[in-house]
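So the chains spell out like this:
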Amino acid sequence: MARVFVYGTLKKGQPNYKHMINTAKGLAKFQGRGRTVEKYPLVIAGKYNIPYMLNIPGTGHHVAGEIYSVDEQMLQFLDEFEGCPDMYQRTLMRIQVVEWEGKGGTGEARAAADGVLECFVYSTATYPPEWVGLPYHDSYDSSGKHGLSYVLRESRE
């Protein structure tokens, strides 16, 4: 099982969460909530208002999200869903645990108790330069105050 940190439309209550609970795509078990140890710019960009974490460590905010334990099938699905490696790249990042529900081996429990876990995160280093000038967010909600509602893939032209 691999650990994945999601910060955008795959979180609970967001437009693509349905994929995280679709066992036909693999298994994903919610483990807890966290924030990136380093700061990153989280922007909402493009005509479909997609959230992107730009891979610029040290800039932006400690981004909030959810930690999942996923099997290989779900990891493969997420790679395809996230357009990896062209649109997003899957990289390991250090995540500060804020709230932990996960149950696992002693190593995992100890890591969670220390407060920091390594998780795969889908961020991007392949973005238009003007995105760096967009507003930075510390968390994402499709119906947030930003007024930039995410456009589902099935609704895109």
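Preceding this section is the structure that the text describes.
Only a predicted model underlies this, so the values are computations on that prediction, with no experimental measurement involved.

K.L.:
Would you take a moment to explain the pattern of salt bridges for this structure?
P.N.:
Opposite charge on two side chains allows them to pair when their charged atoms are near. Scanning the entire structure with this criterion turns up 4 salt bridges. Lys-18 is the partner of Glu-154 in a salt bridge, and the nearest nitrogen-oxygen pair spans 3.4 Å. In this pair, Glu-154 is assigned in the segment after strand E7 (116-123) and Lys-18 in helix H1 (residues 17-20), connecting sequence segments 136 residues apart. By relative accessible area, Glu-154 is classed as exposed at 60%. Arg-33 is the salt-bridge partner of Glu-66, the closest N and O atoms lying 3.2 Å from each other. With Glu-66 in strand E5 (residues 64-70) and Arg-33 in strand E2 (residues 28-36), this pair connects stretches of sequence that are 33 residues apart. Counted as one network, the salt bridges with shared partners bring together Arg-33, Glu-66 and Glu-99.

K.L.:
Teacher, can you tell me more about unusual backbone geometry here?
P.N.:
Residue Pro-85 follows Cys-84 across a cis peptide bond; omega there is 15°. If you trace the backbone, Pro-85 turns up in the loop between helix H2 (72-81) and strand E6 (89-100). Its identity is not glycine, yet Asn-49 carries a phi of approximately 55°, on the positive side. Inspection of the secondary structure assignment puts Asn-49 in the loop between strand E3 (42-45) and strand E4 (50-53). Judged by its relative accessible area of 15%, Asn-49 falls in the buried class.

K.L.:
Whenever I open this one, the nonpolar core confuses me. Can you help?
P.N.:
Soluble, globular proteins show a tendency: their nonpolar side chains are buried together. Within the largest apolar cluster, 39 residues are counted, with the highest numbers of intra-cluster contacts made by Phe-5, Tyr-7, Tyr-52, Met-53, Val-70 and Leu-78. Sorting the residues of this core by element identifies strand E1 (2-6), H1, E3, E4, E5, H2, E6 and E7 as the ones contributing at least two each. Excluding anything up to four places from it in sequence, Val-70 contacts Met-1, Ala-2, Val-4, Leu-27, Ala-28, Leu-75 and Leu-78.

K.L.:
Before we go on, may I ask you to explain the pairing of E2 in this structure?
P.N.:
Put simply, side chains in a regular strand alternate between the two faces of the sheet. Sheet analysis places E2 next to E5, joined by 7 bridges and oriented antiparallel. Directly across from Phe-30, in E5, lies its bridge partner Tyr-68. Of the strand pairs in this sheet, E2 and E6 are connected by 5 bridges, and their pairing is antiparallel. Bridge pairing in E6 links Gly-32 to Trp-100.

Conventions adopted
- Residues numbered from 1 in each chain as written.
- Predicted model: local features only at pLDDT ≥ 70, side-chain atom pairs only at ≥ 80, totals over all residues.
- Heavy atoms only, no water.
- Salt bridge = Lys/Arg side-chain N within 4 Å of Asp/Glu carboxyl O.
- Helix = DSSP H or I, 4+ residues; strand = E, 2+ residues; numbered from the N terminus.
- Buried < 20%, exposed > 50% of the residue type's maximum accessible area, 1.4 Å probe, protein only.
- Core = buried A, V, L, I, M, F, W, Y, C linked by side-chain atoms within 4.5 Å.
- Contact = heavy atoms within 4.5 Å.
- Pairing = 2+ DSSP bridges.

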